[in-house]
Amino acid sequence: MQTIDLRGSWTLTRVSTGDSYQAAVPGDNISALLAAGAIPDPYYAKNELDLQWIGREDWRFDREFEVDARLIEDPAARKGLFLHFDGIDTVAEIELNGKRIGDSSNMFVRRRFPVGNAVQAGTNRLSVLIRSPESAAVEASRSLRYPLPYSEYPVQSPHRNLLRKVQCHAGWDWGPCLMVSGINGHAYLASPRDCRIEYVSTRQRRLDGTRWELQVSAEVYAHADGQTKLAAQLEGPREIALSQSDEFALHAGINHLTVRLPVVDPALWWPAGYGDQSLYELKIQAGDDSAAKRIGFRELETVVRDDARGRSLTFRINGRDIFCKGANWIPVDALPARQSDAAYRARLESARDANMNMLRVWGGGQYESAEFYDLCDELGLLIWHDFMFACSTYPADPLFLANVSEEVVHQVKRLRDHPSIAIWCGNNENLGALTWFAETRRFRDRYVVDYDRLYEGTIGDLVESVDPTRTYWPSSPSGGRGDYSDNWHDDTKGDMHYWSVWHEGKPFDAYYEVTPRFCSEFGFQSFPSLSTVEGFAPEDQRNLTSPVMEHHQRNERGNTIIIESLSRYFRFPDGLGNLLYMSQVQQAFAIRTAVEYWRSQRPTCAGALYWQLNDNWPVASWSSLEYSGKWKLLHYAAKRFFAPLHVLGFVKDGALEVWICNDSALSHRGECVVSFRNFDGTALRVDRTEAVATPDTSALVRSYPLESLPAPAEQLFVTMEFDNGSGTIANDLFLTYPKLCELRKARVSATIDVEGGIVVGRVTADAPAFFVSLDPGSVGGHFEDNCFLLLPGSQKTLRFVADPAPGENAPAAKRVAEELERALSVHHLSDSYR
Ligand code: BMA
């Protein structure tokens, strides 16, 4: 089969003026304008506000391509000729050589157009006219029979909910409003002779102990009756190499062809921390078309069962109940052209390195690129997958439902063979949103009917027929199918979004008031680090309440909540650098409080995914990774509080409880040492307890009423260690608000060295130093640990995991060490205030 790749250089024209620029496909108009020097950086200062006109304009993408006369003269090839687009963003008309060949109104649907009659030998001209997304949405709003309200943010394009476009392109409470237009993914022309493969799907069944059957089905389109051979080949670990083929009669139109492969004792795929991520290569050939994908053998069960407390939501993989640890994923960049494979890899590896095993692809974002899912398979990151609807009401008229149906069928067929995908979920918060707006409260019935048609009806029914191997969950949060109650505050069933800390302003202790069955969102904001602020704020704007800093905060009460909370827990930080640092300490402190408590509550609680992993531009937000991929202190803390074996403590109901959480398949037995220390570091009391942590459980080691402690809470901190014979894990805890404690003013010193080709930081303190942090500035990479306790007399040596510089295969230690020496700043709690 011949294919002509249509990616690369196109011409972009602003229709109203005729101005044209070079543009990359895949890519978007804003990135093209930026590359041409026609607009300033939309992420810098307040430039975004001056660029809103771009979303109000129509844009045309054009290119030429050559077709060999022999292709046109071959009747079989000509008949099969089709033009393919992975995704056009969004409302578009497509012309080939001046002839309209089709249109598109949903960026999440792949488009294939038959073009046998439009293609010519020699030069061809392809043109994609993309209408202003803002005008298209506003126009759609005019024909609504009643208003469809949506959540609105400080910079916002109206009626985003009426377009099948990434919802956060229109602005969010962490994101810019950049209504891009563009062409995503692959674009090509192909000429299969007899038939073309539309989709491939596999079904695996464990027949008994080691025998499995893999059914491989190809959905094949034939332009005429005929016949073809379908061949499937499977190769992978344990030297499995199998093939199977069969001849099939084809009729014009869609055909479903299936072969079966008997697989004996395949290596299983496990989420990260639970086992290997064994993957098998599958190759499929039908006629002269071929396809390839990677699959994993694993048994997945979503245990949704009524129990004494309510209804469980637990993911069971290969027979083991997984405690899901992770965060919510948003698009990696607000500009699609910058959503590179390298950006995906860096974020996803950081997730795996922080001991995460699940991400939630959130409904205000996008169905991600192939690279994203391949990486999740490789890294063992389970995916909770929303469909792309968020924080809004949506239409449920026949046209909209038909458009959504195409999207759902396409995306589920495209993605269903990824072992990482664990659950399909209808939307983000749209069940809850029925109580958000005056109209939806007043006319709730009509909006519930729309909600039901879209998520329980259209999407739910389609998912259950196209992918019966996974559970369909109607909304996040919800109590499950057919449950129309608002599950935000309900910790007895299903998944919960716990926002009482943050949006409702409750103290961190409120996390102890709930034991979610599965917490799919909870979060606390922080500011990005100083090096990031310096990248977007001119020097005279580097003050928290300057217009530029406030522009880079999209949650209206965001700065107020951060400051109010800082004043609740900590002595007030001195200067901007300390304020940014302490906001990150506080964020880590908040999320750790929730996760550690909820981990202690397994199996009642089966997962904690904080909001949010990443940022799509430089901004104050709930993320643990900054826009550049730099680790915030929360990310370092996550690496510890998500560790498979973890010792932790919390003060609840007037007592300190010390627990060990064990998410591994091994039993751990050892000594747990709890030391109560004063702020000189002296241990006033040391307790040693024999502890056993059985597989997949959390166990209480000891409980201490506060009045039994050797000194009042404000004169103590606790260190906890668990030694299982092969190593020690440690943790520490304040027993009250840190601001109440008279800390010693520690002197912390750090040096950078190269040791055996590895860059390390060495750090020491002369008094207990809390939340010690080595900030690498804008040097790419992260330390292996950060935001830790340093006791006097101890030295900590930390490896720096550097990112390679452009053009470098592996980071050069000398270069990195020199850059770090210049950029490094060291922070700790008693140094953050005067
Ligand atoms: C949620 C999310 C997002 C939002 C976040 C922070 O509930 O689903 O829509 O960005 O909270 O407010």
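Refer to the structure presented above.
Notes on the structure in this doc start here. Just so it is clear, the structure is predicted and the values come from calculations on it, not from any experiment.

**Examining the sheet that holds strand β36 (residues 728-734)**
Two orientations exist for strands paired in a sheet by backbone hydrogen bonds: parallel and antiparallel.
Right, on to step 1. Taken together, 4 strands build an open sheet; the order of strands is β33-β32-β35-β36 and the sheet is antiparallel. A single partner strand is all that each edge strand has here, and the edge strands are β33 (683-693) and β36. Across the sheet, the axes of successive neighbouring strands diverge by a mean angle of 15 degrees, strand direction being ignored.
Right, on to step 2. Across 7 bridges, strand β35 (residues 717-723) lies against β36 in antiparallel orientation. The residue bridging Phe717 from the neighbouring strand is Phe734, located in β36.

**Thoughts on unusual backbone geometry**
Right, on to step 1. A cis geometry characterises the amide bond from Val25 onward to Pro26, with omega recorded as 0 degrees.
Right, on to step 2. On the secondary structure map, Pro26 appears in the loop between β3 (20-25) and β4 (27-28).
Right, on to step 3. The residue after Ser476, namely Pro477, is reached through a cis peptide bond having omega 5 degrees.
Right, on to step 4. Position of Pro477 among the secondary structure elements: in the loop between β26 (471-473) and β27 (496-497).
Right, on to step 5. Even without a glycine there, the phi angle at Glu239 is positive, about 55 degrees.

**Here we look at the site of the ligand**
Right, on to step 1. Every residue lining the ligand is accounted for by Trp172, Asp173, Trp174, Trp362, Cys391, Asn428, Glu429, Trp499, His503, Glu521, Trp611 and Trp622.
Right, on to step 2. Note that an oxygen atom of the ligand is positioned 2.9 Å from one of the side-chain N or O atoms of Trp172.
Right, on to step 3. Contacts to the ligand include Glu521, whose side-chain N or O atom sits 2.6 Å from an oxygen atom.
Right, on to step 4. Taken by itself the ligand offers 310 Å² of open surface, and the protein chains cover 96% of this.

**Observations regarding the side chain of Arg14**
Right, on to step 1. You can see Arg14 is positioned in strand β2 (residues 8-14).
Right, on to step 2. Using a relative accessible area of 18% as the deciding quantity, one classes Arg14 as buried.
Right, on to step 3. A polar side-chain atom of Arg14 sits 3.1 Å from a polar atom in the side chain of Glu57.
Right, on to step 4. When residues no more than four places from it in sequence are discounted, the contact partners of Arg14 are Asp19, Trp53, Glu57, Asp58 and Trp59.

**Points about the packing of helix α14 (residues 575-600) against helix α15 (residues 633-641)**
Right, on to step 1. Between α14 and α15, the least distance of the axes is 8 Å, while the angle of their chain directions is 25 degrees. Looking at the two axes, α14 sits roughly parallel to α15. Of the two possible hands of crossing, α14 and α15 adopt the one that is right-handed. Facing Tyr581, Gln584, Val585, Gln587, Ala588, Ile591, Arg592, Val595, Glu596 and Arg599 of α14, the residues of α15 in contact are Leu633, Leu634, Ala637 and Phe641.
Right, on to step 2. Of the residues contributing to the contact of α14 with α15, the split by class is 9 nonpolar, 2 polar and 3 charged.

**Observations regarding the pairing of β35**
Regular strands place side chains that alternate from one sheet face to the opposite one.
Right, on to step 1. Within β35, 5 of the 7 residues are buried, leaving the element largely enclosed by the surrounding structure.
Right, on to step 2. Both strand β32 (residues 668-677) and β35 contribute to a ladder of 7 bridges, which runs antiparallel. Among the inter-strand pairings, Arg677 is bridged to a residue of β35, identified as Phe717.
Right, on to step 3. In sequence, β35 turns back onto β36 through a hairpin of 4 residues, with Gly725 there showing a positive phi of about 100 degrees.

**Side note on the packing of helix α8 (residues 398-415) against helix α10 (residues 444-466)**
Right, on to step 1. At their nearest, the axes of α8 and α10 sit 10 Å apart, and the two run at 30 degrees to each other. Viewed along their axes, α8 and α10 adopt a mutual orientation that is roughly parallel. Seen from above, α8 lies across α10 with right-handed handedness. Mapping the contact onto sequence places Phe400, Leu401, Val404, Ser405, Val408, Val409, Val412 and Lys413 in α8 and Leu454, Thr458, Ile459, Leu462, Val463 and Val466 in α10.
Right, on to step 2. A breakdown of the residues in the contact of α8 with α10 according to their chemical character gives 11 nonpolar, 2 polar and 1 charged.

**Quick word on the pattern of salt bridges**
Right, on to step 1. Under the definition given, this model contains 67 salt bridges.
Right, on to step 2. With a closest N to O distance of 3.4 Å, Glu671 and Arg688 form a salt bridge. With Glu671 in strand β32 and Arg688 in strand β33, this residue pair connects regions lying 17 residues apart in the sequence.
Right, on to step 3. When its relative accessible area of 56% is taken as the criterion, Arg688 is described as exposed.
Right, on to step 4. A salt bridge links Lys796 to Asp785; its shortest N-O distance comes to 3.0 Å.

What counts and how
Residues numbered from 1 in each chain as written. Predicted model: local features only at pLDDT ≥ 70, side-chain atom pairs only at ≥ 80, totals over all residues. Heavy atoms only, no water. Pairing = 2+ DSSP bridges. Helix = DSSP H or I, 4+ residues; strand = E, 2+ residues; numbered from the N terminus. Axes fitted to C-alpha atoms, helices over the stretch in contact; angles between N-to-C directions. Near = heavy atom within 4 Å. Polar contact = N/O pair within 3.5 Å; in protein donor to acceptor, adjacent residues only side chain to side chain. Areas by Shrake-Rupley, 256 points an atom, 1.4 Å probe, with all protein chains shown as cover. Buried < 20%, exposed > 50% of the residue type's maximum accessible area, 1.4 Å probe, protein only. Contact = heavy atoms within 4.5 Å. Parallel < 35°, antiparallel > 145°, perpendicular 65-115°, else oblique. Left-handed = near helix turned anticlockwise from the far one by under 90°. Nonpolar A, V, L, I, M, F, W, Y, C, P; charged D, E, K, R; others polar. Salt bridge = Lys/Arg side-chain N within 4 Å of Asp/Glu carboxyl O.

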